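Topology and contacts: notes
Residues per chain, in single letters:
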Amino acid sequence: MIEIERKFLVVSDDYKAEAEHTIRIIQGFLNTDPERTVRVRLKGQQGFITVKGKSSKDGLSRFEWEKEISETDAKALLKLCVEGVIDKVRYEIPYGNHTFEVDEFFGDNEGLIVAEVELNHTTEVFKKPQWLGEEVTGQVKYYNAQLSKKPFNTW
């Protein structure tokens, strides 16, 4: 239940041609406390509730628990979320032995495009696609919970 991931900015839209799958994601937060975040997500027509713990000092890992819920339940919980719903399209791109998830944000976060890759351990080596830019792992302002409170268009 420990998530290990690295996060990067994206420097071109070349990832779109490489995507095997795309899906729209709407998510809100019932709690954005840095010690424990509770997220509600509608991923297409599937609902999820997720609890994330505080990130490690290097930002690479943190506790994550996720449970699938019905679309109806997710829509009802989204109405209870704090202000600042996240709207994005996720592109899944296999590259080397990993899959990169690229999130293109809309609404108040339009213009922000971030890629994440999940790893098995913090020192795992992985191939980097050419469209991958600056690493922003551990930079709190790029966490979705923070983007819901202080969106990209206010930076």
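A few points on the structure. Given the structure is predicted, the values throughout are model-derived calculations rather than measurements. (Residues numbered from 1 in each chain as written. Predicted model: local features only at pLDDT ≥ 70, side-chain atom pairs only at ≥ 80, totals over all residues. Heavy atoms only, no water.)

Structural notes on the layout of surface pockets
Approximately 530 Å³ is the volume attributed to the largest pocket. No other element matches strand S3 (residues 36–43), which puts four residues into the lining of the largest pocket. Here the lining of the largest pocket is composed, by residue class, of six nonpolar, nine polar and 20 charged. (1 Å grid on protein atoms, 1.4 Å probe; cavity = no way out; pocket = protein on both sides within 12 Å on 5 of 7 lines; lining within 4 Å. Points joined across faces, edges and corners; volume = space filled by probe spheres on them. Helix = DSSP H or I, 4+ residues; strand = E, 2+ residues; numbered from the N terminus. Nonpolar A, V, L, I, M, F, W, Y, C, P; charged D, E, K, R; others polar.)

Considerations on the pairing of strand S1 (residues 2–10)
For S1, the tally of buried residues reaches eight of nine residues, placing the bulk of the element in the interior. As paired strands, S1 and strand S5 (residues 61–69) are joined by three bridges and run antiparallel to one another. If you follow Ile4 over to S5, its bridge partner there is Ser61. Bridging between S1 and strand S8 (residues 113–118) involves five bridges; their strand directions are antiparallel. What sits directly across from Lys7, in S8, is Glu116. Where S1 lies against strand S9 (residues 132–135), two bridges are found, and the strand directions are antiparallel. Bridging across to S9, Phe8 finds its partner in Glu135. (Buried < 20%, exposed > 50% of the residue type's maximum accessible area, 1.4 Å probe, protein only. Pairing = 2+ DSSP bridges.)

Focus: the packing of aromatic side chains
Taken as a whole and judged by the stated rule, the model has eight aromatic pairs. Plain terms: the ring middles of Tyr142 and Trp155 are 5.2 Å apart, the flat faces sit at 80 degrees to each other, and that makes the pair edge-to-face. Taken together, the residues Tyr142 in the loop between S9 and helix H3 (144–149) and Trp155 in the segment after H3 connect sequence positions 13 residues apart. Note on Trp155: relative accessible area 38%, which makes it partly exposed. Against the face of Tyr143 rests Arg62, its NZ or CZ located 4.8 Å from the ring centre. (Phe/Tyr/Trp six-rings, centres within 6.5 Å; stacked < 30°, edge-to-face > 60°. Lys NZ or Arg CZ within 6 Å of the ring centre and 35° of its normal.)

Comments concerning the nonpolar core
By size, the foremost hydrophobic cluster in this structure holds 15 residues, and its most contacted members are Tyr15, Val102 and Trp131. Elements supplying a minimum of two residues to this core: S1, strand S6 (86–95), strand S7 (98–105) and S8. If near-sequence neighbours (up to four positions away) are discounted, Tyr15 is found in contact with Val10, Tyr91, Ile93, Val102, Glu104, Ile113 and Trp131. In terms of nonpolar packing, the next biggest core, distinct from the first, is built from ten residues, Leu9, Ile86, Tyr142 and Ala145 among them. (Core = buried A, V, L, I, M, F, W, Y, C linked by side-chain atoms within 4.5 Å. Contact = heavy atoms within 4.5 Å.)

Some thoughts on the pairing of S5
Two elements, strand S4 (residues 46–53) and S5, share six bridges in a ladder whose sense is antiparallel. Within S5, the residue paired with Phe48 across the bridge is Glu68.

Notes on the pattern of salt bridges
Applying the stated criterion to the full structure yields 14 salt bridges. A salt bridge links Lys16 to Glu104; the shortest N-O distance between them is 3.5 Å. Here the residue Lys16 occupies a position in helix H1 (residues 15–18), and Glu104 occupies one in strand S7, the gap between them amounting to 88 residues. Judged by relative accessible area, Lys16 falls into the partly exposed class, the value being 35%. Glu64 is paired through a salt bridge with Lys52; the nearest N and O atoms lie 3.1 Å apart. Separated by twelve residues along the polypeptide, Glu64 in strand S5 and Lys52 in strand S4 bring together distant segments of the chain. On the basis of relative accessible area, Lys52 is assigned to the buried category, the value being 9%. A cluster of three or more residues bridged by salt bridges with shared partners is formed by Glu3, Lys52, Arg62 and Glu64. (Salt bridge = Lys/Arg side-chain N within 4 Å of Asp/Glu carboxyl O.)

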